[in-house]
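Okay, here's what each chain looks like letter by letter:
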Amino acid sequence: MNHSLIKTIGFSGNDVNCCAFGSSMLFAACSSEKNARLYDSADFTEIDGSPLATVHRYPISACSFHPSAPLLLTTAIDGFVVVWDVEDPTSSKQIFAIHLLQYHCFSITAARKFFYVVLAIA
């Protein structure tokens, strides 16, 4: 079986901390730049409206798409969990943010209609 590189995605020399594929042909990559970039997963071109606005005060540590709704969840060690509406990427907006005091958010996953967030006490 032969493997070949399809595309390299960079963030101005910063680390890519997490990535996720969505059901609506979207690919998200999050980095030390504290933002999320959205790509068309067919050709990995960055889409209009990307990157999403910077809300996190620290690098994003995890991201996940909802399995059936046009939502992306991002979290960082600043304790913020942000839900983004990505139905129309050109007007993507933050639709919910919660600050979980004294917690670090390390990972998230989506299953059925829920997001699950893994937390650690700071």
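What you see is a predicted model; the values in this text were computed from it and never measured.

K.L.:
I'm lost on the nonpolar core in this one. Help?
P.N.:
Taken as a class, soluble globular proteins show a tendency for nonpolar side chains to be buried jointly. Ranked by internal contacts, the top residues of the largest apolar core, which has 16 residues, are L38, F65, L72 and V86. For this core, the secondary-structure elements that each account for two or more residues are β1 (16–21), β2 (26–31), β3 (36–40), β4 (60–65) and β6 (80–85).

K.L.:
It is not clear to me how the confidence of the model for the protein chain should be interpreted in this structure. Could you clarify?
P.N.:
Detailed conclusions should not be drawn from predicted coordinates in areas where pLDDT is low. For the protein chain, per-residue confidence averages 77 on the pLDDT scale, and residues scoring 70 or more make up 69% of the total. Within the protein chain, the lowest mean pLDDT, 61, falls on strand β8 (residues 103–111), and the highest, 89, falls on β3.

K.L.:
I tried to follow the packing of aromatic side chains on my own but got confused; where do I start?
P.N.:
The geometry of an aromatic ring pair comes down to the distance between the two centres and the angle between the two planes. Applying the stated criterion across every chain yields a total of four aromatic pairs. Centroid distance F21 to F27: 4.7 Å. Interplanar angle 50°. Geometry classified as tilted. Using a relative accessible area of 56% as the deciding quantity, one classes F21 as exposed. You can call F27 buried: its relative accessible area is 8%. Every member of this aromatic cluster is reached through a ring pair, and the members are F21, F27, Y39 and F44.

K.L.:
In this structure, what is going on with the pattern of salt bridges? I would like to understand it.
P.N.:
Pairing of side chains with opposite charge becomes possible as their charged atoms draw close. Inspection of every chain in the model, using the stated rule, returns two salt bridges. Here E33 ties to R37 by a salt bridge, and the two come within 3.3 Å at their closest N and O atoms. Between R37 and E46 there is a salt bridge; the shortest N-O distance is 2.9 Å. What makes E46 partly exposed here is its relative accessible area of 36%. Through salt bridges that share partners, E33, R37 and E46 make up one connected network.

K.L.:
What is the right way to look at the sheet that holds β1 in this model?
P.N.:
Whether parallel or antiparallel, the strands of a sheet pair through hydrogen bonds between backbone atoms. An order of β1-β2-β3 is seen for the three strands of this open sheet, with the pairing classed as antiparallel. Of all the strands in the sheet, just β1 and β3 have a single pairing partner and so form its edges. When strand polarity is set aside, the average angle formed by the axes of neighbouring strands in this sheet is 20°. Sheet analysis places β2 next to β3, joined by five bridges and oriented antiparallel.

Analysis parameters
Residues numbered from 1 in each chain as written. Predicted model: local features only at pLDDT ≥ 70, side-chain atom pairs only at ≥ 80, totals over all residues. Heavy atoms only, no water. Core = buried A, V, L, I, M, F, W, Y, C linked by side-chain atoms within 4.5 Å. Buried < 20%, exposed > 50% of the residue type's maximum accessible area, 1.4 Å probe, protein only. Helix = DSSP H or I, 4+ residues; strand = E, 2+ residues; numbered from the N terminus. pLDDT = per-residue confidence, 0-100. Phe/Tyr/Trp six-rings, centres within 6.5 Å; stacked < 30°, edge-to-face > 60°. Salt bridge = Lys/Arg side-chain N within 4 Å of Asp/Glu carboxyl O. Pairing = 2+ DSSP bridges. Axes fitted to C-alpha atoms, helices over the stretch in contact; angles between N-to-C directions.

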